[in-house]
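Spelled out, the chains give:
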Amino acid sequence: MGVFFEVSHLTVGYQHPVVSDVSFSVQAGELVGILGRNGQGKSTLLRGIIGDARRFSGEVRVNGVDCTHLSAKKRAALLSALPQKTEIPAGVSAEEILEMGCYPTRRLFQGLTEVNRTKIREEAERMGLTELLEQDCSKLSIGQQQMVLLCRMLVQDAPVMLLDEPNASLDYANAQTLFSTLRELVHRKNKAGVLVLHDPETALRWCDRLLILHDGALYRDIDLAQCSVEQMEQTLRRLYPNICVRENPYHEGYFCYLQAQKTPIPYAE
């Protein structure tokens with residue numbers, strides 16, 4: 001299979017570059033995590049890919065199409081995004097949020113087609129959101145809101161899904177539900193999924209590959225199915241010097257933990 005989603009020599013930032021000369025590719029049906037410590041440019045990289053941060057150089061291609069100079073509507077047909085924080089206005093129903101996913105196929109000044117409405121109903125039912133459609137989305141729980149926003153990405157049906165720490169405001173149960181749903185959708189619908197994370201345990205549990213971001217550059221690209229425990233531990237210690245990685249006895253993959261600090265942390269009264 002050829003390259004599906006490709007980032008080539010991308011340098012992005014704001015007044016000045018934050019992330020420099022990053023290149024990677026993602027195949028259809030693959031969920032790739034971007035992992036790094038705070039302040040390393042993970043979110044900026046994602047914003048640069050979708051055009052919300054300044055792009056100094058490089059290309060972003062989906063199926064060979066360069067997204068750099070596309071209109072917002074044409075770009076939305078190729079890339080869907082879920083920011084870390086999404087402000088949902090009061091009085092907007094969950095169904096209206098899902099209708100926003102029809103933007104790439106909706107004609108100007110025209111209402112939704114029956115095809116659009118069928119797509120919304122099918123995706124809402126598949127994700128168990130049918131009973132929430134008429135409710136004010138701003139009054140739903142954070143977990144429910146995130147699932148609605150994920151469902152909006154499915155209605156949009158772009159081949160590439162980009163998510164920035166979607167579990168940031170979720171409790172453990174909702175986070176596990178979201179990641180399980182996301183992984184199953186990426187694999188079943190042959191999407192290219194890119195997920196910004198700061199938690200290595202979550203990354204090891206749910207991702208197929210990891211891109212390690214360090215000092216504003218791509219340090220390592222790891223295929224979890226081909227990596228040994230020793231290699232994974234050595235790589236992650238670039239970010240977390242006292243991390244330990246072990247094989248997970250309950251499912252394929254790894255789990256990790258931090259060794260106790262050798263020097264006690266002073267207690268401040």
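Above this text is the structure in question.
A few points on the structure. Just so we're clear, the structure is a prediction, and the values are computed from it rather than from any experiment.

**Considerations on the sheet that holds strand 3 (residues 30–35)**
- Spatially, 6-7-8-3-9-10 is the arrangement adopted by the 6 strands of the open sheet, whose pairing is mixed. Each edge of the sheet is formed by a strand with only one pairing partner; in this case those strands are strand 6 (79–82) and strand 10 (217–223). Each neighbouring strand pair of the sheet contributes to a mean axis angle of 20 degrees, computed without reference to strand direction.
- Each of strand 3, strand 6, strand 7 (160–164), strand 8 (192–197) and strand 9 (209–214) touches helix 1 (residues 42–50); the most contacted strand, strand 7, lies at about 145 degrees to it.
- Across the sheet, helix 5 (residues 142–156) is in contact with strand 6 and strand 7; its angle to strand 6 comes to roughly 175 degrees.

**Structural notes on the sheet that holds strand 5 (residues 65–66)**
- Here we have 4 strands laid out as an open sheet, ordered 2-1-4-5, and antiparallel in their pairing. Looking at the sheet topology across the chains shown, the edges are occupied by strand 2 (17–26) and strand 5.
- As paired strands, strand 1 (residues 5–13) and strand 2 are joined by 6 bridges and run antiparallel to one another. Paired with Glu 6 across the strands is Ser 25, a residue of strand 2.
- On top of the sheet, helix 1 reaches strand 1, strand 2 and strand 4 (54–62); it is set at about 115 degrees to strand 1, its chief contact.

**Points about the layout of surface pockets**
- Its volume calculated, the largest pocket comes out at about 540 Å³.
- Lining the largest pocket are 25 residues, and of these Ile 50, Asp 52, Leu 79, Ser 80 and Ala 81 lie nearest its centre.
- At the level of elements, helix 1, helix 2 (72–76), strand 6, helix 5 and strand 7 are the ones that each hand at least two residues to the lining of the largest pocket.
- Along the lines of polarity and charge, the residues of the lining of the largest pocket split into 13 nonpolar, 6 polar and 6 charged.
- A volume near 320 Å³ is recorded for the second largest pocket.

**Observations regarding the pattern of salt bridges**
- Under the criterion given, the structure shown has 13 salt bridges.
- Ionic pairing is found between Arg 126 and Glu 123, a salt bridge with its closest N-O pair at 2.8 Å. Placement of the pair is Arg 126 and Glu 123 together in helix 4 (residues 114–126), with a separation of 3 residues, close to one helical turn.
- Owing to a relative accessible area of 45%, Arg 126 belongs among the partly exposed residues under this scheme.
- Judged by relative accessible area, which is 2%, Glu 123 ranks as buried.
- Of the charged contacts in the structure, one is a salt bridge between Lys 191 and Asp 157, with a shortest N-O distance of 2.6 Å. Residue Lys 191 is found in the loop between helix 6 (172–188) and strand 8, and its partner Asp 157 is found in the loop between helix 5 and strand 7; the two are separated by 34 residues along the sequence.
- A relative accessible area of 5% places Lys 191 in the buried class.
- Linked through salt bridges whose partners overlap, the residues forming this network are Lys 119, Glu 123, Arg 126, Asp 157, Lys 189 and Lys 191.

**Notes on the packing of aromatic side chains**
- Throughout the structure, instances matching the rule amount to 3 aromatic pairs.
- Each ring, one from Phe 5 and one from Phe 24, has its centre 6.2 Å from the other, and the planes form 75 degrees; the classification is edge-to-face. One end of the pair, Phe 5, is in strand 1; the other, Phe 24, is in strand 2, with 19 residues separating them in the sequence.
- Against the face of Tyr 103 rests Lys 73, its NZ or CZ located 5.8 Å from the ring centre.
- Over the ring of Trp 206 we find Arg 205; its NZ or CZ atom is 4.1 Å from the centre of that ring.

**Regarding unusual backbone geometry**
- One non-glycine residue, His 9, lies in the positive phi region at around 50 degrees.
- Of note, His 9 is situated in strand 1.
- A relative accessible area of 47% means that His 9 is categorised as partly exposed.
- The phi dihedral of Asp 215 is positive, around 55 degrees, even though this residue is not glycine.
- Position of Asp 215 among the secondary structure elements: in the loop between strand 9 and strand 10.

**Some words on helix 6**
- Counted at 1.5 Å a residue, the expected span for helix 6 with its 17 residues is 24 Å, and the 24 Å between its end C-alpha atoms agrees.
- Among the residues of helix 6, those classed as buried are Ala 175, Leu 178, Phe 179, Thr 181, Leu 182, Leu 185 and Val 186. Taken down its axis, helix 6 places every buried residue within 165 degrees of arc, on the same side.
- Capping of helix 6 at its N-terminal end is provided by Asp 171; its side-chain oxygen lies 3.3 Å from the backbone amide nitrogen of Ala 173.
- Where helix 6 ends, the next residue or the one after it, Asn 190, has phi of about 55 degrees, a positive value.

Definitions and cut-offs
Residues numbered from 1 in each chain as written. Predicted model: local features only at pLDDT ≥ 70, side-chain atom pairs only at ≥ 80, totals over all residues. Heavy atoms only, no water. Pairing = 2+ DSSP bridges. Helix = DSSP H or I, 4+ residues; strand = E, 2+ residues; numbered from the N terminus. Axes fitted to C-alpha atoms, helices over the stretch in contact; angles between N-to-C directions. Contact = heavy atoms within 4.5 Å. 1 Å grid on protein atoms, 1.4 Å probe; cavity = no way out; pocket = protein on both sides within 12 Å on 5 of 7 lines; lining within 4 Å. Points joined across faces, edges and corners; volume = space filled by probe spheres on them. Nonpolar A, V, L, I, M, F, W, Y, C, P; charged D, E, K, R; others polar. Salt bridge = Lys/Arg side-chain N within 4 Å of Asp/Glu carboxyl O. Buried < 20%, exposed > 50% of the residue type's maximum accessible area, 1.4 Å probe, protein only. Phe/Tyr/Trp six-rings, centres within 6.5 Å; stacked < 30°, edge-to-face > 60°. Lys NZ or Arg CZ within 6 Å of the ring centre and 35° of its normal. Expected span 1.5 Å × (residues − 1). Arc of directions from axis to C-beta. Polar contact = N/O pair within 3.5 Å; in protein donor to acceptor, adjacent residues only side chain to side chain.

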